[in-house]
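Residue-level listing of the chains:
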Amino acid sequence: EGLIPGPVAPDEDEFLEAVPVPFQRALRWVYSGRIRDSKTVIALLAWDRVAPDAVAALRRVGPPAVAPLVAALADPGTDFAIRRRLPLVLGTIPDPAGVQGLLVGLVDRRCEVRYRCGRALSHLLEGHPALAVAAENVFAAVLREVRTERRVWDNQRILDEYPQAPTIPQVK
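Now for a quick tour of the structure. Fair warning: this is a prediction, and the values are worked out from it, not measured in the lab. Counting from 1, residues in each chain are numbered in the order their sequence is written. At least 70 in pLDDT is required for a residue's local features to be given in this predicted model, at least 80 for side-chain atom pairs to be given and counted, and no such filter applies to totals for whole chains, interfaces and linings, which use all residues. Processing note: side-chain calculations cover all non-hydrogen atoms of the structure and skip hydrogens and water entirely.

**Things to note about the overall build of the protein**
Alright, step 1. When helices and strands are counted, the protein shows ten helices and zero strands.
Alright, step 2. Strands here mean DSSP runs of E at least two residues long; helices mean DSSP runs of H or I at least four residues long; both are numbered from the N terminus. When its helices and strands are written in sequence order, the protein yields α-α-α-α-α-α-α-α-α-α.
Alright, step 3. Each residue's exposure class comes from its accessible area (1.4 Å probe, protein chains only) as a fraction of the maximum for that residue type: buried when under 20%, exposed when over 50%, partly exposed otherwise. Within the protein, the proportion of its 172 residues that are buried is 40%.
Alright, step 4. Contacts are residue-level and defined by heavy atoms, with any inter-residue pair within 4.5 Å sufficient. In the protein, the proportion of contacts linking residues at least 24 apart, taken out of those at least 6 apart, comes to 65%.

**Topic: the nonpolar core**
Alright, step 1. Counting 38 residues, the largest nonpolar core has Leu-69, Leu-86 and Leu-102 as its most contacted members.
Alright, step 2. Setting aside chain neighbours within four positions, we find Leu-86 in contact with Ile-42, Leu-45, Leu-69, Ala-72 and Leu-73. The set of buried Ala, Val, Leu, Ile, Met, Phe, Trp, Tyr and Cys residues whose side-chain atoms join them within 4.5 Å is what this entry labels a nonpolar core.

**Observations regarding the packing of aromatic side chains**
Alright, step 1. Stacked, edge-to-face and tilted labels apply to pairs of Phe, Tyr and Trp rings (six-membered ring for Trp) whose centres lie within 6.5 Å, assigned for plane angles under 30 degrees, over 60, and everything in between, in that order. Per the counting criterion, the structure on display carries zero aromatic pairs.
Alright, step 2. Here, a charge over a ring is recorded when the distance from Lys NZ or Arg CZ to the ring centre is within 6 Å and its angle to the ring normal is within 35 degrees. A cation over an aromatic ring shows up here: Arg-34 above the ring of Trp-29, its NZ or CZ 3.9 Å from the ring centre.
Alright, step 3. Here Arg-110 stacks its cationic end above the ring of Phe-80, 3.6 Å away from the centre of that ring.

Now the structure itself:
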């Protein structure tokens, strides 16, 4: 599907062996849980067609996925399409490190990332009261948002909620 092999540049904690696999087979492996490496699946969040399945796969991984999810969310170099979908996963994993990552997301430069991080935090704290967030962090985030000019707010859109966008499992 237009993908070409490139050089392998693993992170310090990765030990990779590049194995050529037909793309459709690799997707089946993600869907079935055979590929559970969070960093690999996180990259699929950028692709609209498979993002819902990538979200579901990362949710199945659970707490072991939190560190790479938070790292990707905190990295401004991570593609926006990925960053905006990470809270859909973090908001379903009751983990203190995930809560801290979502708090970092509340200061993201993109409104949609901040919005989704806020919704994910709300969901987690509602279902897991032991996961505490300092009130001053919440107030600081709210104050940053209300200081935004009206014309900026009027132009904000949540991309995956457009009718033509793929259905992404929502944090409920």
